[in-house]
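Observations on the three-dimensional arrangement
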Amino acid sequence: MKKYLVGILIVFVSAFGLSAKEKTIRSKRTSNVHKGNIIVSAGYGFPSIIRVYLKNKTDRNQLSVKGQGPFLLKAEYLISNRISVGINTAYNRTQLSWMEDGYDPTIHGNRPYEYGVKATEFSATLRTNYHFKVTKRFDWYSGFGIGYSIIKFKTYTLAPYNQFSVRYSFPRPYTFDLTAASRFSVTRHLGMFAELGIGKAWLLFNKYFVPEAVIQGGVIIKL
């Protein structure tokens, strides 16, 4: 009798184990991300709040505002099926320019030359995401991050005889992330992402809060 009971128990445990394994495999097949995944994202943030503000507050005939970024590069690791940790980096460039008279030796007189200020910013943010809904194609998540930025200013001029140079570096400001987002898997390893919220923000001089990159978008590679 004991042999039969042991045999039945072994069959039952084996059947239960196979059933659990099948459920796990089926769950993984219908889920987009899992514990242990590494996700690398490259994208672009817009609009640049600072450039939009400067363009609206200045006369374009007197001051030109242009720039690129923020360009975004992110990497995260899923420590569970719901929680991931990672690092976000961003690079941004802004240029302000205006026309002012300067001496031109070819005409032995003054003519308009371009003068300006170039600002560059690099930030690195440690971030954690909570993946609250994951399907076969979509990954819905929200997250928060905090880090530091490096912001530098440099002046320039195209006038050959009116050269001047001023460099200024901000005291290292804090930078923040607070967004809700979604990823869409095109293939098993490639996809797209979109985020909405405070994608990159500065706290300048521990006083001025400057949001940037309200909307982000780009591509992802899942490893």
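Residues numbered from 1 in each chain as written. Predicted model: local features only at pLDDT ≥ 70, side-chain atom pairs only at ≥ 80, totals over all residues. Heavy atoms only, no water.

**Side note on the overall build of the protein chain**
Quick reminder of the rule: Labels follow the DSSP assignment, with helices taken as runs of H or I lasting at least four residues and strands as runs of E lasting at least two, numbered in each case from the N terminus. Only protein chains enter the accessibility calculation, which uses a 1.4 Å probe; a residue whose area is less than 20% of its type maximum is buried, one above 50% is exposed, and one in between is partly exposed.
The helix and strand inventory of the protein chain stands at 2 helices and 10 strands. Buried residues in the protein chain amount to 34% of all 223 residues.

**With respect to the pairing of strand 4 (residues 109-134)**
Note the following rule: Strand pairing is assigned whenever DSSP detects at least two bridges linking the two strands.
As paired strands, strand 3 (residues 83-104) and strand 4 are joined by 22 bridges and run antiparallel to one another. Residue pairing across strands places Ile83 opposite Tyr130, the latter belonging to strand 4. The hairpin formed by strand 3 and strand 4 contains 4 residues between the paired strands, and His108 there has a positive phi angle of roughly 55°. As judged from the 19 bridges shared by strand 4 and strand 5 (residues 138-157), these two strands associate in the antiparallel manner. By the bridge assignment, Phe122 is partnered in strand 5 with Ile150. Remark: 3 residues form the turn of the hairpin made by strand 4 and strand 5, two consecutive strands paired antiparallel.

**Description of the pattern of salt bridges**
Pairing is possible between side chains that carry opposite charge, provided their charged atoms lie close to one another. Formally: Salt bridges are identified by distance alone: a Lys or Arg side-chain nitrogen within 4 Å of an Asp or Glu carboxyl oxygen.
One pass over the full model with this rule turns up 4 salt bridges. Here Glu195 and Lys74 are joined by a salt bridge, their closest N and O atoms 3.0 Å apart. Here Lys74 lies in strand 2 (residues 64-78) and Glu195 lies in strand 8 (residues 190-204), a separation of 121 residues in the sequence. The residues Glu195 and Lys74 share a single accessibility class, namely buried. Measuring nitrogen to oxygen at the nearest pair gives 4.0 Å for the salt bridge that ties Glu195 to Arg127. Highlighted residues: Glu195 in strand 8 and Arg127 in strand 4, separated in sequence by 68 residues.

**Re the side chain of Thr94**
Applied cut-off: In protein, a polar contact requires one atom able to donate a hydrogen and another able to accept it; more generally it is a pair of N or O atoms within 3.5 Å, and residues adjacent in sequence count only if both atoms are side-chain atoms.
Mapped onto the elements, Thr94 comes out in strand 3. A relative accessible area of 13% places Thr94 in the buried class. For Thr94, the side chain forms a polar contact with the side chain of Arg51, separated by 3.1 Å.

**Concerning the confidence of the model for the protein chain**
Defined as follows: As a per-residue measure, pLDDT tells how confident the predictor is, with possible values from 0 to 100. Should any heavy atoms of two residues lie within 4.5 Å, those residues are considered in contact.
For the protein chain, the mean per-residue pLDDT works out to 79, and 77% of the residues sit at or above 70. Averaged pLDDT values for the elements of the protein chain fall to 40 in helix 1 (residues 2-29) and rise to 93 in strand 1 (residues 38-46). Contacts for the low-pLDDT stretch residues 1-29, under 50 throughout, to residues beyond four places or in other chains number 2 contacts.

**Considerations on the packing of aromatic side chains**
Applicable threshold: Note on aromatic pairs: the rings of Phe, Tyr and Trp (six-membered ring only in Trp) are paired at centre separations within 6.5 Å, and the planes decide the class, stacked below 30 degrees, edge-to-face beyond 60, tilted for the rest.
Applying the stated criterion across every chain, the model contains 4 aromatic pairs. Aromatic pair Tyr44 and Phe71: ring centres 5.2 Å apart, planes at 75°, arrangement edge-to-face. Of this pair, Tyr44 sits in strand 1 while Phe71 is found in strand 2, placing the two residues 27 residues apart along the sequence. Using a relative accessible area of 40% as the deciding quantity, one classes Phe71 as partly exposed. Aromatic side chains Tyr148 and Tyr174 sit 5.2 Å apart centroid to centroid with 25° between the ring planes, which places their arrangement in the stacked category. Of this pair, Tyr148 sits in strand 5 while Tyr174 is found in strand 7 (residues 174-185), placing the two residues 26 residues apart along the sequence.

**What to know about the environment of Trp98**
By the secondary structure assignment, Trp98 is in strand 3. Counting along the chain gives 17 residues from Trp98 to Tyr115, while the straight-line C-alpha distance between them is 5.4 Å. Here Glu100 takes part through its side chain, which lies 3.2 Å from a polar atom of the side chain of Trp98.

**Comments concerning a nonpolar patch on the surface**
Applied cut-off: Within this analysis, patches are made of residues with over 30% relative accessible area and no salt bridge. Like charges are joined at 9 Å or less; nonpolar side chains (Val, Leu, Ile, Met, Phe, Trp, Tyr) at 5 Å or less. We get accessible surface area from the Shrake-Rupley algorithm with a probe of 1.4 Å; when it comes to residues, only the shown protein chains can shield them.
Among the surface-exposed residues, Tyr44, Phe46, Phe71, Tyr91, Phe122, Ile150, Leu196 and Ile215 lie close enough to one another that they form a single nonpolar patch of about 730 Å² accessible area. Note on placement: Ile215 falls in strand 10 (residues 215-222). Look at Ile215 and you get partly exposed, because its relative accessible area is 35%.

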